[in-house]
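# Coordinates in review
Here is what each chain is made of, one letter per residue.
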Amino acid sequence: MCHCVWILTASGDGTCALWDVESGQLLQSFHGHGADVLCLDLAPSETGNTFVSGGCDKKAMVWDMRSGQCVQAFETHESDINSVRYYPSGDAFASGSDDATCRLYDLRADREVAIYSKESIIFGASSVDFSLSGRLLFAGYNDYTINVWDVLKGSRVSILFGHENRVSTLRVSPDGTAFCSGSWDHTLRVWA
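Reading the values: rules and limits
Residues numbered from 1 in each chain as written. Predicted model: local features only at pLDDT ≥ 70, side-chain atom pairs only at ≥ 80, totals over all residues. Heavy atoms only, no water. Phe/Tyr/Trp six-rings, centres within 6.5 Å; stacked < 30°, edge-to-face > 60°. Lys NZ or Arg CZ within 6 Å of the ring centre and 35° of its normal. Pairing = 2+ DSSP bridges. Helix = DSSP H or I, 4+ residues; strand = E, 2+ residues; numbered from the N terminus. Axes fitted to C-alpha atoms, helices over the stretch in contact; angles between N-to-C directions. Buried < 20%, exposed > 50% of the residue type's maximum accessible area, 1.4 Å probe, protein only. Lys, Arg positive; Asp, Glu negative; His and termini not counted. Salt bridge = Lys/Arg side-chain N within 4 Å of Asp/Glu carboxyl O. Polar contact = N/O pair within 3.5 Å; in protein donor to acceptor, adjacent residues only side chain to side chain. Contact = heavy atoms within 4.5 Å.

## Concerning the packing of aromatic side chains
Inspection of every chain in the model, using the stated rule, returns 10 aromatic pairs. Among the aromatic residues, those joined into a ring-pair cluster are Phe30, Phe51 and Trp63. Directly above the ring of Trp184 sits Arg166, whose terminal nitrogen or CZ lies 4.6 Å from the centroid.

## A look at the sheet that holds strand 1 (residues 6-10)
Here we have three strands laid out as an open sheet, ordered 1-2-3, and antiparallel in their pairing. The open sheet has two edge strands with one neighbour each: strand 1 and strand 3 (26-31). Across the sheet, the mean angle from the axis of one strand to that of its neighbour is 15°, orientation sign disregarded. The pairing of strand 1 with strand 2 (residues 15-20) spans five bridges and is antiparallel. Each bridged residue has a counterpart across the sheet, and for Leu8 the counterpart in strand 2 is Leu18.

## Thoughts on the side chain of Asp185
With respect to the helices and strands, the residue Asp185 is situated in the loop between strand 17 (179-183) and strand 18 (188-191). Despite its burial, Asp185 remains without a salt bridge, the nearest opposite charge being carried by Arg189 at 4.7 Å. At 2.5 Å, the side chain of Asp185 forms a polar contact with the side chain of Thr187. Sequence-distant contacts of Asp185, that is, excluding residues within four places in its chain, are made with His163, Glu164 and Asn165.

## A word on the sheet that holds strand 8 (residues 81-86)
Ordered by their spatial adjacency, four strands build an open sheet running 8-9-10-11, and the pairing between neighbours is antiparallel. Bordering the open sheet on either side are strand 8 and strand 11 (111-116), each of which pairs with just one other strand. Going across the sheet, the axis of each strand differs from the next one's by a mean of 25°, ignoring polarity. Sheet topology places strand 9 (residues 92-97) next to strand 10 (residues 102-106); five bridges connect them, and they run antiparallel. By the bridge assignment, Ala94 is partnered in strand 10 with Leu104.

From the geometry alone we can't say anything about function, so treat these as descriptive.
Here is the structure:
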């Protein structure tokens, strides 16, 4: 019986890698991106052994961790993909890009199904995460704001102000009652 502890990494060499933490051994490498891989997210555990990655080649790629093969690829962004996050059910994922858009991809339909953007948004999206229900998409931007998008309607429902520099990361709490954002202004903010 294996009690393996592993970590999945994204790299500037255009690869992702699965490592055994205890031994330091490379278990699997994932080749397919044509430039730096900036982000990745594991599928919810109940949906299987896949992960999604995004990078400077404008591609989002879905990988099978057992085979090491790319099973789906999407190239609809016009610039670097900075963040990817699986939808809570695991049937879709969102991406945030330097092209100032966030996008939703349906894995069952094998296509992009929504673009979240406004003409007034000209700065890149650095981080994305879904509400617990999946109805809202939170996106941190380089203009110091967090935009809240209605996933189904494709419309912005709120803009959150408070950071004094780029929002570099955000994550919804496990119970869904709040989320935390981190910024280049050296602060973390909890939004509830």
